[in-house]
Amino acid sequence: MIQVKLYDNGFRISGHSNFSKKGSDIVCAGVSSISQGIINCFNKDDVHELVIKDGYIKFLLNNNNYENKIILGVFRTQIILLADSYKEYIKIEE
């Protein structure tokens, strides 16, 4: 199961969904696409911490201005919608 922890200034994702075999797992691909797309939206100067490893992403901002809050809100909405479709594979903690 993929565990997603949402923070006011970022998020942490860990685990694998085990929806399908590696390379064809659409749940892992969806989570990865959403998280990488959002991370790429931020100015590097605003990033406090970024760790990306196999089955793990931790992303925290040091500047949580209005624009950054909006972008993180998009991530929150997208990941919640994906989790609603795949409840047995993604758990969200707020």
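The coordinates are above.
Predicted model, so just to flag it, every value in this text is computed and none were measured. (Residues numbered from 1 in each chain as written. Predicted model: local features only at pLDDT ≥ 70, side-chain atom pairs only at ≥ 80, totals over all residues. Heavy atoms only, no water.)

Draft legend 1. Layout of the environment of Asp8. By the element assignment, Asp8 lies in the loop between strand 1 (2-7) and strand 2 (10-14). Excluding residues that lie within four positions of it along the chain, Asp8 makes contacts with Asn64 and Leu72. (Helix = DSSP H or I, 4+ residues; strand = E, 2+ residues; numbered from the N terminus. Contact = heavy atoms within 4.5 Å.)

Draft legend 2. Representation of the side chain of Lys5. Topologically, Lys5 is positioned in strand 1. On the accessibility criterion, Lys5 (16% relative accessible area) is buried. Separated by 3.5 Å, the side chains of Lys5 and Glu93 make a polar contact. Once you skip the residues sitting within four places of it in the chain, Lys5 turns out to touch Gly10, Phe11, Arg12, Glu93 and Glu94. (Buried < 20%, exposed > 50% of the residue type's maximum accessible area, 1.4 Å probe, protein only. Polar contact = N/O pair within 3.5 Å; in protein donor to acceptor, adjacent residues only side chain to side chain.)

Draft legend 3. Looking closely at the pattern of salt bridges. All chains considered together, the criterion is met by 3 salt bridges. Between Glu93 and Lys5 there is a salt bridge, and its shortest N-O distance comes to 3.5 Å. With a gap of 88 residues between them, Glu93 in strand 5 (residues 90-93) and Lys5 in strand 1 connect regions that are remote in the sequence. Lys58 is the partner of Glu49 in a salt bridge, and the nearest nitrogen-oxygen pair spans 3.6 Å. (Salt bridge = Lys/Arg side-chain N within 4 Å of Asp/Glu carboxyl O.)

Draft legend 4. Structural view of helix 1 (residues 26-39). Under the 1.5 Å per step criterion, the end-to-end length of helix 1 is 20 Å for 14 residues, consistent within 8% with the ideal 20 Å. Among all positions in helix 1, only Val27, Cys28, Gly30, Val31, Ile34, Ser35, Ile38 and Ile39 are buried. Looking straight down helix 1, one finds its buried side chains confined to an arc of 165°; they lie on one side. Here the buried face of helix 1 lies against strand 1, strand 2, strand 3 (47-53), strand 4 (56-61), helix 2 (66-85) and strand 5. Sitting at the head of helix 1, Asp25 places a side-chain oxygen 3.0 Å from the backbone nitrogen of Val27. (Expected span 1.5 Å × (residues − 1). Arc of directions from axis to C-beta.)

In short, shape yes, function no, at least from these values alone.
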